[in-house]
Amino acid sequence: MKKISKLVTRYHEVIAYLFWGVMTTLVNWVIYTIFVRLLGVGAQSVVRILGSNFATNIFWANVISWIGAVVFAFFTNKVRVFESRSFAPSVVLPEFFRFAGARVVTGLLESFLVPFLVGRGLNQTIFGIEGSIAKILVSVIVVILNYVFSKLLVFRKKKEA
């Protein structure tokens, strides 16, 4: 039991990030599912871009779900993962802009890569959600990149003198 406690203490940040990452992914997927269903599917939602089919309904569902997930993730990462407790404007605003900037990079990756993969045939449906396999694959890549960006660029600890 002591060994497990030491491991949890040692890897607290990674464990917390994974937990809140799963919660953020759930927020993303719930919003995504709602908007895929609201926006509908079908031939009218596909356009040709650079010789490939591009599912516009999937694109907009991804954009909207990404915005909701970023807001949720900022607060959970700030407080629960990287333990940046200050909400003073001089602290929280730069953190938020760095966080949002880093998430824009991975958000663009996700917003374009998922519909691109769906348009290329990776359009398997799980639990009635179109494009699930593409979304899962890209989500794994995005989670890893988001941790690296948050750790190195956003919530970096100040070195003590």
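Analysis parameters
Residues numbered from 1 in each chain as written. Predicted model: local features only at pLDDT ≥ 70, side-chain atom pairs only at ≥ 80, totals over all residues. Heavy atoms only, no water. Salt bridge = Lys/Arg side-chain N within 4 Å of Asp/Glu carboxyl O. Helix = DSSP H or I, 4+ residues; strand = E, 2+ residues; numbered from the N terminus. Buried < 20%, exposed > 50% of the residue type's maximum accessible area, 1.4 Å probe, protein only. Expected span 1.5 Å × (residues − 1). Contact = heavy atoms within 4.5 Å.

Chemist: Explanation requested: the pattern of salt bridges in the structure shown.
Modeler: When charged atoms on two side chains of opposite charge get close, those side chains can pair. Taken as a whole and judged by the stated rule, the model has three salt bridges. Two residues, Lys151 and Glu13, come together in a salt bridge whose shortest N-O distance is 2.7 Å. Here Lys151 is found in helix α5 (residues 132–154), whereas its partner Glu13 is found in helix α2 (residues 12–39), with 138 residues between them in sequence. Residue Lys151 is classed as partly exposed on the basis of its relative accessible area, which comes to 36%. A salt bridge links Lys135 to Glu110, with the nearest nitrogen and oxygen atoms 2.5 Å apart. Of the two residues, Lys135 is situated in helix α5 and Glu110 in helix α4 (residues 89–119); the sequence distance between them amounts to 25 residues.

Chemist: Would you explain α4 in this entry?
Modeler: Along an α-helix, residues three or four apart share an orientation, since each turn contains 3.6 residues. Relative to the 45 Å expected for 31 residues at 1.5 Å per residue, α4 spans 43 Å between its end C-alpha atoms, a close match to the ideal helical length. One or two steps after α4, the chain reaches Gly121, where phi turns positive at roughly 110°.

Chemist: Looking at this structure, I do not really get the environment of Val92. What am I missing?
Modeler: Among the secondary structure elements, Val92 is positioned in helix α4. For Val92, a relative accessible area of 14% puts it in the buried group. Separated by 14 residues in the primary sequence, Val92 and Lys78 have C-alpha atoms spaced 8.9 Å apart. Setting aside its immediate chain neighbours within four residues, Val92 contacts Phe74, Lys78, Ser86 and Phe87.

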